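# Reading the structure
Take a look at the letters that make up each chain.
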Amino acid sequence: MGMPADERLGLDIKRAEQTLMAAKQAAIRPAGLTVPQYAALFALAGNPGISGAALARACLVTPQAMTVVLKNLEERGFIERSPHPWHRNVLETRLTEPGRAALEAADERAVVIERAIEAEFTSDERAALRELLARCNSAVARVAREL
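Residues numbered from 1 in each chain as written. Predicted model: local features only at pLDDT ≥ 70, side-chain atom pairs only at ≥ 80, totals over all residues. Heavy atoms only, no water.

## Here's the deal with the overall build of the protein
Our working definition: Helix and strand assignments come from DSSP, with helices taken as H or I runs of at least 4 residues and strands as E runs of at least 2, each series counted from the N terminus. Partly exposed describes any residue whose relative accessible area lies between the buried limit of under 20% and the exposed limit of over 50%, with all areas from a 1.4 Å probe on protein chains only and scaled to the type maximum. The contact criterion used is simple: two residues touch if any of their non-hydrogen atoms lie within 4.5 Å. Residue exposure ignores everything except the shown protein chains as possible cover, and the areas themselves are Shrake-Rupley values with a 1.4 Å probe. All tallies of charge rest on Lys and Arg as positive and Asp and Glu as negative; His and the ends of each chain are not included. Charged groups are reduced to one reference atom each: NZ for lysine, CZ for arginine, CG for aspartic acid, CD for glutamic acid.
Counting secondary structure elements, the protein contains six helices and two strands. Counting from the amino terminus, the protein carries its helices and strands in the arrangement α-α-α-α-β-β-α-α. Counting only C-alpha atoms, the protein reaches 50 × 35 × 30 Å along its principal axes. Counting all 147 residues of the protein, 24% fall into the buried class. Excluding contacts between residues fewer than 6 apart, the proportion of contacts in the protein whose partners are at least 24 apart in sequence is 51%. Carbon and sulfur atoms provide 58% of the accessible area of the protein, an area that totals close to 10,200 Å². Between the mean site of the 19 positive side-chain charges and the mean site of the 19 negative ones, the protein shows a separation of 5 Å.

## Some details on unusual backbone geometry
Non-glycine residue Leu60 carries a positive phi angle of around 60 degrees. Tracing the backbone shows Leu60 in the loop between helix 3 (52-59) and helix 4 (63-75). Using a relative accessible area of 77% as the deciding quantity, one classes Leu60 as exposed.

## Quick look at the pattern of salt bridges
Which entries qualify depends on this criterion: Each salt bridge in this description consists of a side-chain nitrogen of Lys or Arg and a carboxyl oxygen of Asp or Glu lying within 4 Å of one another.
For the coordinates displayed, the defined rule picks out five salt bridges. The closest approach of N and O atoms between Asp12 and Arg15, which form a salt bridge, is 3.1 Å. Of the two residues, Asp12 and Arg15 are both situated in helix 1 (residues 9-28); the distance of three residues between them amounts to about one turn of the helix. Look at Arg15 and you get partly exposed, because its relative accessible area is 48%. A salt bridge links Glu114 to Lys24, with the nearest nitrogen and oxygen atoms 2.5 Å apart. On the criterion of sequence distance, the pair formed by Glu114 in helix 5 (residues 97-120) and Lys24 in helix 1 is long-range, its members being 90 residues apart. Under the relative-accessibility criterion, Lys24 is labelled buried at 12%.

Rendered as structure tokens:
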């Protein structure tokens, strides 16, 4: 083995991500949403009319995965999609009132987790953590291009 497990930061990052996603899933479950659905509704709230491809990028998922999420949200009446006025091949996506209500119910609980994370660190520590994670992302992207 090229590196012992206790020296691999990727394991710590993955563990933190899994803990966060499990906590968020438990928090938003009463609102009847999954984490990907919540993420899509959250992104839509700030970007009405966004395309499915742009929404996938915003939510860090593949366009194929976003297609499934949007199909489920549309079937439940949480979103509506309509052709873009100039680009007929692009569907604009918007929240409906039931979608906004589901998002608000989920976010009320999800924000508790975000506040707990925020409270664990000072403002300077949060800024430093963001910088360290950005450097980690850059290092991974750089080496991935070289492989």
